[in-house]
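Coordinates in review
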Amino acid sequence: MDFDVIIVGAGVAGSSLAGLLGQAGARALLLDKAAFPRPKPCGQGILPHGVKALEKMGALSAVMPLGNKLLGLTYHAQQNSSHICFGADIGFGLGVERAKLDFALIQWALTNPSISFEEKTTFEAPLMEGARVAGVVVRSSKGNKATWRAPVIVFADGLHSIARRSLGIGVHWPPLNRFGTVAYLDRLEQVENSVEVFLAEKFEVYITPLPDKVCVAILHGKELLNSLESSNREKTFFNFLGRVNALGPRLSRSACVGPVLQWGPLAPKVNPIYGDGFVLTGDAGGAADPITGEGMALAFRVALQICPVILQAIARGGQAASLAACQNIYAKETRNAVKLAGLVRRLSRHGWLAQRVVRNLGRHPGLFEELLRVATGQIQYESIGWLTKIKLVC
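Quick summary incoming for the structure in this document. (Residues numbered from 1 in each chain as written. Predicted model: local features only at pLDDT ≥ 70, side-chain atom pairs only at ≥ 80, totals over all residues. Heavy atoms only, no water.)

**What about the nonpolar core?**
Membership of the largest hydrophobic core comes to 70 residues, with the highest contact counts inside it found for Ile-6, Val-136, Phe-155 and Ile-310. In terms of residue count, helix H8 (residues 295-315) provides more of this core than any other element does, 12 residues in total. Those residues in contact with Val-136 that sit more than four places away from it in its chain are Ile-6, Val-8, Leu-31, Phe-123, Ala-125, Leu-127, Ala-146, Thr-147, Trp-148, Ile-153 and Phe-155. Within the second largest apolar cluster, 40 residues are counted, among which are Val-344, Leu-372, Val-374 and Leu-392. (Core = buried A, V, L, I, M, F, W, Y, C linked by side-chain atoms within 4.5 Å. Buried < 20%, exposed > 50% of the residue type's maximum accessible area, 1.4 Å probe, protein only. Helix = DSSP H or I, 4+ residues; strand = E, 2+ residues; numbered from the N terminus. Contact = heavy atoms within 4.5 Å.)

**Points about the packing of aromatic side chains**
Counted according to the given criterion, the structure contains 6 aromatic pairs. Look at Phe-36 and Phe-117: their rings are 6.0 Å apart centre to centre, the planes differ by 65°, and that puts the pair in the edge-to-face class. In this pair, Phe-36 is assigned in the loop between strand E2 (28-31) and strand E3 (45-46) and Phe-117 in strand E8 (residues 115-118), connecting sequence segments 81 residues apart. Clustering of aromatic rings is evident, with ring pairs tying together Phe-123, Phe-155 and Phe-278. The ring of Tyr-184 has Lys-213 sitting right over it, with the charged end atom 4.7 Å from the ring centre. (Phe/Tyr/Trp six-rings, centres within 6.5 Å; stacked < 30°, edge-to-face > 60°. Lys NZ or Arg CZ within 6 Å of the ring centre and 35° of its normal.)

**Here's the deal with the sheet that holds E2**
Taken together, the 6 strands give an open sheet; going across it, the order is E8-E2-E1-E12-E21-E20, and neighbouring strands pair in mixed fashion. Two strands close off the open sheet at either side, each with one partner strand: E8 and strand E20 (274-275). Looking at chain direction, E2 and E8 are connected through 4 bridges and run parallel. From the neighbouring strand, Leu-30 faces E8, where its bridge partner is Phe-117. The strands that helix H1 (residues 12-23) touches are strand E1 (5-8), E2, E8 and strand E12 (152-155); relative to E1, the one it contacts most, it runs at about 160°. Where H8 meets the sheet, its contacts fall on E1, E12 and strand E21 (278-280), and the angle it forms with E12 comes to roughly 145°. (Pairing = 2+ DSSP bridges. Axes fitted to C-alpha atoms, helices over the stretch in contact; angles between N-to-C directions.)

So far we have only geometry, and geometry alone does not tell us how the molecule works.
Below you can see the structure in the form of structure tokens.
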């Protein structure tokens, strides 16, 4: 075998797993079609439990200098606003530009001598031996074709995974397709060290302060996609932001830094995520709607848990049975995010309801704290009782 593990995709899911495998002494190849650092559409925020996962991985010292501490969360709906501080027991979040974060995690993974990295290398197809994935077929930027083998292949190649499609793995896209559009602004009035979420009719706006700029992401349905794909995407982006009454006046001195990027459709469900010789992770394995800001924290937490499973699978030749636990880990880690995302989406579809809930979160801080503990993985969504839900909307 050329390697113990080959990881296709060097985003946060792939690079985190590579670093953990390297710490255990596994010979892993990390590859990606992009040249790093590279821009990546994302909300750019890591929730507090994601920061704790980075610390447990031993990667926080590599990321911390690049980030802006996030100390709380604010929800807005029309004239109503509610804010909560994360507090010492929850910790702090980080606002980090994805291009810098991904590159830092790759460099952190490469501090382990058993890790190799090939960028500008395109995955073309899985190398099959019967029904088993035995390796990968790739092509370099110069057009050179290569074949590499390993007992376990990890596909972390994103939302529209080529590997997933090549293997014929089933994916279910939600009937109400949602997309994300993101841009960096050079400045924004009245920005503090908190994530802000604006619930507007048919879309949501997320603001994450970074060290030298502000990330603004719009999550929206398909009906808004064509407008945002207009020839003047930056102008259209600002027009949408201006539709949020509480946000419009704060944009008077703002300008985009770099291109307006899009991604989606969001929140695919994938089953199964493993088989003989392979496992899917990151967005390739399915994802919750990013309305909860869970994505990067989820990638780190899953990496920590599937790493020992993969190490055992290497010793067993990558048999499907040895990788089956990855499916349960993924389901457990995404459960909270999926259910909480469903709740927030339902609220944002009805302006009057969103206003009432945001108002009630301000009146009853205990409610906000309980939802925050769900979002940060401290308690399960199922632990939210009917009384809490009634207080939210009454």
